[in-house]
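A closer look at the structure
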Amino acid sequence: MTDDHARVREFFAARAADWDSRFPDDGPAYRAAVAELRLRPGARVLDAGCGTGRALPALRDVVGPSGTVLGVDLTPAMLEAAVRAGRQSHGRLLLADVTRLPVRARTLDAVFGAGLIAHLPDPAENLRELARVVRPEGLLALFHPIGRAALAARQGRQITPDDLRAEDNLRPLLAGSGWRMTSYVDEDARFLALAVRQRP
Ligand SMILES: C[S@@+](CC[C@H](N)C(=O)[O-])C[C@H]1O[C@@H](n2cnc3c(N)ncnc32)[C@H](O)[C@@H]1O
């Protein structure tokens with residue numbers, strides 16, 4: 001395990017037990033973001049950095065019983081909290097690293113990543129790994145239940161121009177990693193960037 005991974009685990013292990021109770025009203029925002037992926041019944045979707053699995057019920061609802069929902073996270077405590085919340089009934093939970101996924105190339109229809117990108121050690125390379133597992137024309141959703149400015153205010157900081165999730169930074173980052181950004185919303189109530197897997 002790298003130092004980056006150890007730091008992520010330590011950070012989220014300390015927050016896992018009360019993660020859901022800190023943000024009890026986020027459910028509708030997750031559902032709305034998942035709906036924008038327009039997944040069909042039977043689709044195969046990865047929740048990358050699924051944490052306590054807050055997106056899994058919405059993902060299962062859209063892909064239905066014939067679909068595949070896989071939740072991957074690096075922090076055991078987050079996955080344990082997911083199990084306690086009953087989220088394993090909505091998808092398979094896997095302790096793994098999204099920067100080296102144990103998933104075959106081009107097998108998924110979409111990746112949903114909530115609150116993930118800021119924690120990736122090498123975003124360009126790591127987004128490329130997400131592209132590897134998605135079929136051409138498959139989708140990526142990078143989501144956060146509040147927008148960048150609101151999140152920065154909550155954390156007592158200000159947004160800087162080099163912010164990875166700024167539209168002018170994110171678009172070329174995605175383009176260099178196999179994705180074409182198709183929509184971008186950054187408002188107080190949510191952050192959502194959607195991208196399509198480019199044909200190699
Ligand atoms: C801000 S939390 C968001 C959790 C969940 N997606 C949600 O919206 O509630 C970020 C999550 O990403 C996970 N994570 C960070 N880096 C990861 C990696 N390289 N592989 C897998 N999970 C990772 C953390 O363990 C943590 O659970």
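Going by the structure above, here's the rest.
Note that the structure is a prediction, hence the values are computed from the model and not measured.

**Side note on the overall build of the chain**
- Along its length, the chain carries eight helices and seven strands.
- Relative to the globule expectation of 16 Å for 200 residues, the C-alpha radius of gyration of the chain, 16 Å, shows essentially globular dimensions.
- Judged by the C-alpha coordinates and their principal axes, the chain covers about 45 × 40 × 35 Å.
- Looking at the chain residue by residue over its 200 residues, the buried ones come to 52%.
- Summarising the internal contacts of the chain: among those between residues at least 6 apart in sequence, 67% fall at separations of at least 24.
- Surface accessibility of the chain: about 9900 Å² in total, with carbon and sulfur atoms responsible for 50%.
- Counting 28 positive and 25 negative side-chain charges, the chain places the centres of these two groups 7 Å from one another.

**Some words on the site of the ligand**
- Residues in contact with the ligand amount to 20 residues; listed here are only the nearest, Tyr30, Gly49, Arg54, Asp73 and Thr75.
- Between Arg54 and the ligand, the recorded distance is 2.9 Å, taken from a side-chain N or O atom to an oxygen atom.
- Between an oxygen atom of the ligand and a side-chain N or O atom of Thr75, the distance comes to 2.6 Å.
- Within the shell around the ligand, the residues separate by chemical class into eleven nonpolar, six polar and three charged.

**Section: the sheet that holds strand E2 (residues 68-73)**
- Across the sheet, seven strands lie side by side as E3-E2-E1-E4-E5-E7-E6; this open sheet has mixed pairing. Looking at which strands have only one partner, the edges of the open sheet turn out to be strand E3 (92-95) and strand E6 (179-187). Neighbour to neighbour, the strand axes of the sheet diverge by 15 degrees on average, direction disregarded.
- Here four bridges tie E2 to E3, and the two strands are oriented parallel to one another. Within E3, the residue paired with Gly71 across the bridge is Leu93.

**Side note on helix H1 (residues 3-13)**
- His5, Val8 and Phe12 are the residues of H1 that are buried. Projected down its long axis, H1 carries its buried residues within an arc of 60 degrees, all on one side. The outward face of H1, more than 90 degrees from its buried face, is lined by the exposed residues Asp3 and Glu10.
- Buried positions along H1 lie against helix H2 (19-22) and helix H5 (76-84).

**Description of the pairing of E2**
- Burial runs high along E2: five of the six residues are buried.
- In this region the chain leaves E2, passes through H5 and returns to the parallel neighbour E3; the handedness of that crossover is right-handed.

**Here we look at the packing of aromatic side chains**
- Applying the stated criterion across every chain yields a total of seven aromatic pairs.
- With 5.7 Å between their ring centres and 70 degrees between their planes, Phe12 and Trp19 make a pair best called edge-to-face. Take Phe12 and Trp19: they sit in the same class, and that class is buried.
- Ring geometry for Tyr30 against Phe143: centres 4.9 Å apart, planes inclined by 80 degrees, an arrangement best described as edge-to-face. Highlighted residues: Tyr30 in helix H3 (residues 27-35) and Phe143 in strand E5 (residues 134-144), separated in sequence by 113 residues. Each member of the pair Tyr30 and Phe143 is classed as buried.

The rules behind these values
Residues numbered from 1 in each chain as written. Predicted model: local features only at pLDDT ≥ 70, side-chain atom pairs only at ≥ 80, totals over all residues. Heavy atoms only, no water. Helix = DSSP H or I, 4+ residues; strand = E, 2+ residues; numbered from the N terminus. Rg over C-alpha atoms; globule rule 2.2 N^0.38 Å. Buried < 20%, exposed > 50% of the residue type's maximum accessible area, 1.4 Å probe, protein only. Contact = heavy atoms within 4.5 Å. Areas by Shrake-Rupley, 256 points an atom, 1.4 Å probe, with all protein chains shown as cover. Lys, Arg positive; Asp, Glu negative; His and termini not counted. Charge placed at Lys NZ, Arg CZ, Asp CG, Glu CD. Near = heavy atom within 4 Å. Polar contact = N/O pair within 3.5 Å; in protein donor to acceptor, adjacent residues only side chain to side chain. Nonpolar A, V, L, I, M, F, W, Y, C, P; charged D, E, K, R; others polar. Pairing = 2+ DSSP bridges. Axes fitted to C-alpha atoms, helices over the stretch in contact; angles between N-to-C directions. Arc of directions from axis to C-beta. Right-handed = clockwise from strand over helix to strand, strands pointing away. Phe/Tyr/Trp six-rings, centres within 6.5 Å; stacked < 30°, edge-to-face > 60°.

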